[in-house]
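# Examining the three-dimensional arrangement
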Amino acid sequence: MDNQPYYRETWAEINLDAIEQNIKSFKRHVPSHVSVMAVVKADGYGHGAVATAEAALRAGASYLAVAILDEALALREEGITAPILVLGWVPPVHAKIASDYKITLTVFQTDWIEQAAVVLDDLTLTIHLKIDTGMGRLGIRTEKEAKLIVECLEKYPGFMVEGLYTHFATADELDNLFIESQLTAFEEMATYFEREGIRPRWTHLGNSAGSIRLPDRIGNLIRVGIAMYGLHPSQEMKLNQPFKLEPAFSLHSQLVHVKQMNGGEPISYGSTYRTNEGEWIGTVPIGYADGWIRKLKDSYVLINGKRAPIVGRICMDQFMVRLPGKTKIGAPVTLIGYQGSEEITIDDIAERLETINYEIPCMIGPRVPRIFLQNKEKKGVMNTILKK
Ligand code: PMH
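Residues numbered from 1 in each chain as written. Predicted model: local features only at pLDDT ≥ 70, side-chain atom pairs only at ≥ 80, totals over all residues. Heavy atoms only, no water.

## What about the site of the ligand?
Rules: Nearness here has a simple test: a residue counts as near a molecule or strand if at least one of its heavy atoms is within 4 Å of that partner. Think of a polar contact as two N or O atoms within 3.5 Å of one another; within protein, one of them needs to be a possible hydrogen donor and the other a possible acceptor, and neighboring residues in sequence only count if both atoms come from side chains. Each residue receives one of three labels: charged for Asp, Glu, Lys and Arg, nonpolar for Ala, Val, Leu, Ile, Met, Phe, Trp, Tyr, Cys and Pro, and polar for the others, Gly being one of them.
The immediate surroundings of the ligand are formed by Val39, Lys41, Tyr45, Leu87, Arg137, His167, Asn207, Ser208, Arg223, Gly225, Ile226 and Tyr358. Side-chain polar atom of Tyr45 to an oxygen atom of the ligand: 2.6 Å apart, as the coordinates give it. Tyr358 is positioned with one of its side-chain polar atoms (N or O) 2.6 Å from an oxygen atom of the ligand. Taken together, the residues of the shell around the ligand break down into five nonpolar, four polar and three charged.

Next comes the structure, spelled out in C-alpha cells:
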C-alpha cells in the first residue's frame, strides 16, 4: 500500500477492516460454492481501488471487476495478480493489451470478436459473455444474436469463454416481478449456450442487492459493489438487510481560521449570510472542487461533538461554519462519520442532495487524500495529486 505525503488538513479515512468484514459477511450469506467478485471500479467507488481490492482479496474475494481497461491496468501496475473483469465495452483494438496483462473482457458483439481476433492473431483472450436480460445497456439480447456469437466464436478458438453474466435493473426494489423476468431470460440464454457447447466456469447475475436477496439463484459468482463499502443498495433494502454492513468511508477536516463577528457582517460570495452580534465563525478547508458541492450550503458538519451549520456559499476550496462558541484553530471537523453521539452518514448527504449513496464517495475528488486504516492503525495514504 502506498504511503504518499499530503499537506492539507482535509482527508477521507477508509476503514479497510470494514471492507473485509463486509466481504466476509457476503461469503457467509451465499452458499459455499458461490465466490465473490469485488467491484472496485471508479477508484473503488471513491474509496481507493488498490487498497480496497487488496482488502477484498484478503477477505476471500476471488475476482475483481472494473469498468474500463485503464482501471484494470492500473491495478496490474500496482502488482495485483488476481483475475480482473472489465465490465464495460473495451475497444477491440486493445484486446492484445488485455491479453498481455491477463485481463478478462466483456463481449457481446460479433463485429467486436472479428476485430479483436485480428489484433490478437494467435494470442488467447479470456472473455465473459454478457446477456442483456432487461437492463437495456450492454449485452446479447436474443437467441438469434446468441447464435451469431456462437458461430463467430467457433471461427476464432483464441477466445476462452470463462463467464456468462447479466445485470439486474431493479434488484434494489422490493417488488420481485422484473427480477424474475430477468432470471428467466438468463436461464433461457444459459441453456441455449450450454446446448451449443459453451459451459463457462462462472455464471454471475447478482449485484449487491440481488446477492443479498436471492443468494442461491444468482449463479456461482456475485459482483459486490456498494455493499462491500458498507452502504445499502437502497433505503428499502436497508430496512430488510439480513446481515450488518459496516460503512468504510468517513470524511474529515480541521478549522483553519476562527473569528468572532459583529452583528450584520457578510460571509462568503454574494454576502448571502449575515452574522449575529458576537457570533463565532470558523473556516473549513474543503470546497466544491473537492466534491463538497454548493448544494450542501444548508447542511452542517460536526465540531466538538455538536452540529455546526454551514453559513454562506460554499467556495471552491473552503466554506464557513457557525460555531457554538469560541473554538480552537485545528479543532477536528467531521463531514461524514461520528463525533461523540452525533453522526453524519453518506445516506444523510445523499438524501440532502436528492441522489443515491453511490454518488457521494465517488464525488469526493482526487484532491482529498485517502488514509487507509487496518486493524485500527494507519496503513497507507493515497494522494493522487502528489504521488511522490
Ligand atoms: N455489476 C455491474 C455490471 C455493475 O455495473 C455494477 C455497478 C455492479 C455489478 C455492482 O453493483 P452494486 O454496487 O449495486 O453492488 N454499477 C453501477 C452503475 O453502473 N451505476 O451505479 C452502479
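Continuing now.
## A word on the domain arrangement of the protein
Our working definition: Note that domain bounds follow an automatic or database assignment of domains. Throughout, a contact is declared for two residues whenever any of their heavy atoms are within 4.5 Å. As a working definition, buried area equals the accessible area (1.4 Å probe) given up by two parts on being put together, with both sides summed. The salt bridge definition used is simple: a Lys or Arg side-chain nitrogen within 4 Å of an Asp or Glu carboxyl oxygen.
We note that the domain assignment places domain 1 (16–229) and domain 2 (249–387) within the protein. A straight line from the C-alpha centre of domain 1 to that of domain 2 covers 37 Å. At the interface, twelve residues of domain 1 touch twelve residues of domain 2. Each partner contributes to the roughly 1000 Å² buried at the junction of domain 1 and domain 2, and carbon and sulfur atoms together form 60% of this total. Our count for the domain 1 to domain 2 interface comes out at zero salt bridges.

## Concerning the nonpolar core
Note the following rule: Grouping buried Ala, Val, Leu, Ile, Met, Phe, Trp, Tyr and Cys residues that are joined through side-chain atoms within 4.5 Å yields what is termed a nonpolar core. Three labels apply to residues, based on accessible area from a 1.4 Å probe with only protein chains included: buried if under 20% of the type maximum, exposed if over 50%, partly exposed otherwise in between. Secondary structure is summarised from DSSP: a helix means a run of H or I of at least four residues, a strand means a run of E of at least two, and numbering begins at the N terminus for each.
Core analysis: the largest hydrophobic core is formed by 121 residues, its most contacted members being Phe159, Phe193, Leu251, Trp292, Phe319 and Val321. Element by element, the count of residues in this core is highest for helix H8 (residues 177–195), at seven residues. Those residues in contact with Phe319, other than ones at most four positions away along the chain, are Gly282, Thr283, Val284, Ile286, Trp292, Val301, Ile310, Ile314 and Leu335.

## Quick word on the side chain of Ser35
Along the polypeptide, Ser35 turns up in strand S2 (residues 35–39). A relative accessible area of 16% means that Ser35 is categorised as buried. Those residues in contact with Ser35 that sit more than four places away from it in its chain are Ser62, Trp202, Asn220, Leu221 and Ile222.

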